[in-house]
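A look at the structure
Given next are the chains, with one letter for each unit.
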Amino acid sequence: MFVSFFPQPKLFFSSAAVWSLVLVLAWFFGGEQLGAVFGMPPAAADAPKIIGVSVFWSPPFLWFYIYFFVGVMIFYAFWAWFSPHPWQRWSVLGTALILFVVYFQVQVSVAVNNWYGPFYDLIQNVLSKATTATDEQLYWEVASFAGLALLGMNIAVVNAFFVSHWIFRWRMAMNGYYMEHWSRLRHIEGASQRVQEDTMRFAQIMEGLGVNFIDSIMTLIAFTPVLIQLSTHITHLPLLGEVKQPLLVAAIAWSIFGTVSLVLAGYKLPGLQFRNQRVEAAYRKELVYGEDHEDRAQPATVTELFANVRRNYFRLYFHYVYFNVVRYTYLQANNIFSLVVMVPSIAAGKLTLGLMNQISYAFSQVTSSFQFLVNSWSTIVELLSVYKRLRAFEATLVGEALPDIDQRYLDREKAGLKPKDQPVA
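Residues numbered from 1 in each chain as written. Predicted model: local features only at pLDDT ≥ 70, side-chain atom pairs only at ≥ 80, totals over all residues. Heavy atoms only, no water.

The name that an unreviewed UniProt entry assigns to the chain is Peptide/bleomycin uptake transporter, with the source organism given as Aminobacter aganoensis. Regarding the chain, the UniProt comment filed under Subcellular location (unreviewed entry) reads as follows: "Cell membrane". (UniProt positions renumbered as here; feature names shortened; annotations may be inferred.)

Here is the structure:
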């Protein structure tokens, strides 16, 4: 799964994590100020925030783009020299581009949040007759948001197009790797399905899950400081009273509660999904044999195999009932949780309409990042089942012992036993 696409995966991912940490630390301990040498200094602490799309070509942003590009090219040049790989342009440069675009999308969200405050404060003041505004002023404010929305939308479309190609290249790499070793893999149970269907499912799941995970990390990094800054306007939390950084504390506590609840409710699902792939594969394989051999796919055999399929699906349906009850209850409560947190401050008259919208948006961004497992648990379950099948499949190539169930299947195949003599675990 990984050797086919990434050079020396364990060392590669370890070095990527270390290099990323080095770049982040270098940025905060002098790298950001280094832009001043090239005429791109960081924004002053007391400088008013730039509202609208023009923030993305302001000097601090331009310097970050250059800094990111130089860091990526150093990393790429090292791996191109240290361990050349046929897919290194896609696996290294392609991954870096995805990371950058996701970062850019998160910054669009931050820019939108910065727009919320002054715009809704203006609306509140106009409606309360505290100030006046012309049509042109209001249209200009709306146009500013439209520019951010259009930029974010188009970047998202382009990114989705590129990610789809990047993921398919990964599938091409896996397919080529497995075909290269097909003579050693063809005897494994469901080998054709694992090469064709499981690699396809792995690629499709990674396309959504991987990007969402990166987006969650980037969002957390970008919005946590925003939430800390907005916490100065919230002094009390319901039930807890006055605490330091109340918004951040509430977001973390609420997200941990949801994550733990979902993990406890769904811990049986990965094993059931994995078993589901096995019973489906056994049923499908017997039907394929029946196309060419009259003595295969007999009624008694297919009835027994389909009974295994039915039994496992019914177990899945049962366990998904209480899992979905917990999941959807939590997600519905999540929609109003930020309002519950703000109730004491609203009642005390400490918030404006603009601040309410900023806090709600920033709070939802941070909690959604912490809730990655909550929002993606069903998909993670499916990915784990696919990973288990491909990992067992690859055990042959690295000389590891097959899992017991695969070994039993292989032994029985060699002994000439039919599926009716091979009960599925």
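Now for the pattern of salt bridges. Under the definition given, this model contains one salt bridge. Between Asp-198 and Arg-201 there is a salt bridge; the shortest N-O distance is 3.6 Å. With a gap of three residues between them, Asp-198 and Arg-201 both fall in helix 6 (residues 191-230), about one helical turn apart. We note that Asp-198, like Arg-201, is buried. (Salt bridge = Lys/Arg side-chain N within 4 Å of Asp/Glu carboxyl O. Helix = DSSP H or I, 4+ residues; strand = E, 2+ residues; numbered from the N terminus. Buried < 20%, exposed > 50% of the residue type's maximum accessible area, 1.4 Å probe, protein only.)

Domain annotation for the chain reports domain 1 (1-232 + 350-413) and domain 2 (245-327). With centres defined by C-alpha atoms, the gap from domain 1 to domain 2 works out at 28 Å. Both sides together, the interface formed by domain 1 and domain 2 hides about 2,700 Å², and carbon and sulfur atoms give 64% of it. For the pair domain 1 and domain 2, the interface holds one residue pair in polar contact (both at pLDDT 80 or more). For the side of domain 1 that touches domain 2, the secondary structure elements donating two or more residues are helix 6, helix 10 (353-370), helix 11 (372-394) and helix 12 (404-414). Counting residues per element, the side of domain 1 that touches domain 2 draws most heavily on helix 11, at 10 residues. For the side of domain 1 that touches domain 2, the residue count by class is 14 nonpolar, nine polar and nine charged. (Domains from an automatic or database assignment. Buried area = accessible area lost by both parts, 1.4 Å probe. Polar contact = N/O pair within 3.5 Å; in protein donor to acceptor, adjacent residues only side chain to side chain. Nonpolar A, V, L, I, M, F, W, Y, C, P; charged D, E, K, R; others polar.)

Under the 1.5 Å per step criterion, the end-to-end length of helix 10 is 26 Å for 18 residues, consistent within 8% with the ideal 26 Å. Here helix 10 has its buried residues at Gly-354, Leu-355, Gln-358, Ile-359, Tyr-361, Ala-362, Phe-363, Gln-365, Val-366, Thr-367 and Ser-369. (Expected span 1.5 Å × (residues − 1).)

As annotated by UniProt and renumbered to match this structure, "transmembrane region" (unreviewed entry) occupies residues 61-82, 89-106, 145-168, 209-228 and 248-267. Along residues 89-106, the helical share is 100% and the strand share 0%, with 25 Å between the first and last C-alpha atoms. Spanning residues 248-267, this segment combines 95% helix with 0% strand, and its end C-alpha atoms are found 28 Å apart.

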